[in-house]
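Remarks on the overall topology
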Amino acid sequence: MHLFSLNIPDLLIPLWRGISECDKVDDKSTWTWAKEFNRRIEEFTSHLPGCFDRPPRNPEKKINSGYKAWEFTLLLYLLCVVFLHGLVRAFRIISQNHITQTELCVAARLMIEFIEEFEDLYYKRRVDRIHFMRQSIHALGHYATEVQSKGPLVCTSQWTMERTIENLIAEMRQLSKPYENLSRRAFRRAQHNALMSIFPILDPDHNKPPFPKWSKDIGGGYALLKQQERHRHSTSVAEGRVIRLYLQAYYPQSPEFGYFNDDGSFRIICWPRLRLRNGQTSRSLFATRERRHDARPVDYRGALHEEFEPLALLSLCSEPDRDLLRTSSETFYTCTYKGQAGLAVAKATYIRSVVAMVPHVLNDVHRFYMFEKPGRGRRRWR
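Read on for a plain summary of the structure. As the structure is a prediction and not an experimental result, all values here were calculated from the model.

Our focus in this paragraph is the overall build of the protein. Scanning the protein from terminus to terminus reveals 11 helices and 12 strands. Summarising its shape, the C-alpha atoms of the protein cover approximately 80 × 60 × 40 Å along the three principal directions. Here the protein, with 382 residues, has 42% of them falling under the buried criterion. Considering only contacts within the protein whose residues lie at least 6 apart along the sequence, 61% involve residues at least 24 apart. Entry remark: accessible area of the protein is about 22,200 Å², with carbon and sulfur atoms responsible for 51%.

For strand S12 (residues 365–372), the tally of buried residues reaches six of eight residues, placing the bulk of the element in the interior. As paired elements, strand S9 (residues 333–335) and S12 share three bridges and run antiparallel to each other. Considered in S12, the bridge of Tyr333 is made with Met370. Relative to S12, strand S11 (residues 355–362) runs antiparallel, the two being bridged by eight bridges. The residue bridging Met357 from the neighbouring strand is Met370, located in S12. Counting the residues in the hairpin turn of S11 and S12 gives two residues, including Asn363, whose phi is positive at 55°.

The next thing to look at is the sheet that holds S11. If you trace the three strands from one edge of the open sheet to the other, you get S9-S12-S11, paired in antiparallel fashion. Looking at the sheet topology across the chains shown, the edges are occupied by S9 and S11. Put simply, the sheet's adjacent strands are angled 35° from each other on average, direction ignored.

Time to look at the state of the cysteines. Using the criterion set out here, one finds zero disulfides in the structure. In this model Cys317 remains outside any disulfide bridge; the closest cysteine sulfur is found in Cys335, 4.1 Å from its own. Overall, the relative accessible area of 18% leaves Cys317 in the buried class.

About the thresholds
- Residues numbered from 1 in each chain as written.
- Predicted model: local features only at pLDDT ≥ 70, side-chain atom pairs only at ≥ 80, totals over all residues.
- Heavy atoms only, no water.
- Helix = DSSP H or I, 4+ residues; strand = E, 2+ residues; numbered from the N terminus.
- Buried < 20%, exposed > 50% of the residue type's maximum accessible area, 1.4 Å probe, protein only.
- Contact = heavy atoms within 4.5 Å.
- Areas by Shrake-Rupley, 256 points an atom, 1.4 Å probe, with all protein chains shown as cover.
- Pairing = 2+ DSSP bridges.
- Axes fitted to C-alpha atoms, helices over the stretch in contact; angles between N-to-C directions.
- Disulfide = S-S within 2.5 Å.

So, to be careful, I would describe these as geometric facts and stop short of saying anything about function.
Printed below as a string of structure tokens:
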């Protein structure tokens, strides 16, 4: 936690902003790497899904106002992937619960390459910049070895302990003897956890339904969340065309064919949210039609008939730019939004995860940069 989420950001972000301490013989005007990225950070964060938790705030305004480790993580390893693609891929590999030997070798190589590039770009073997080479840079070279000897370090991360300390401090009521009170609260918490483990029936959440009572369980760990539409509404002609093709291929005898209009559009009932198996909540275009629906090109509309499983009407993006994907160590997944030409229908249970789609411009072409929440594991996106 501390190395990737606090120590490395504490070194790189001041360097990029040009506010890091320097020697008297060093001139900050020669820092060609300094970048003005505060405005872009604010633009990026408005496109992050709510399940990504706290989005990073503008470092120029909030860097000294309780900037969270999770904000540093999103800022450095998601939004700054163009600058740190090798380190970003190594971070994604290291953050997994299951790491193969091949992946570990790749992560070790990428971190060594980052150290060498950092020395060439920032340190340049100058005595007046030796303070740039902190212990955190040296520690990256030993990270893969520690994983090999101790297992995935995310399993022993400090995140859980930090949250526990925060919860225990919040439970303290008397501050006259802080350490004695903290010890007593921790002892009571340990007793409570032991009782819940031995007698699960004492847990208030024992046998609690996995979904709200007003949701519709569709199996496989998925559920549709209300409020859905009470009456059907017509889709566009292009959307009706792909729905017809899907029904003809998989449900040729479906009574849903009676809901097609003369112009080819289809009358559907939309559900606003879908609870996924991993606990995330995917919001459809129907739920965000009052908001910035253009910020989420990959979305769905739930079309439900009681005799069949819910369907998702998807608006897909193009294949990623393979050259950029290869040169960025398979981290910069950028694609274009296909709009009406990318419509498709699939089962709602085929949706695996919620991802962020951050708009950007590349070679005068509007594109979207896709990334998944850290810690969800790496997937091969095709």
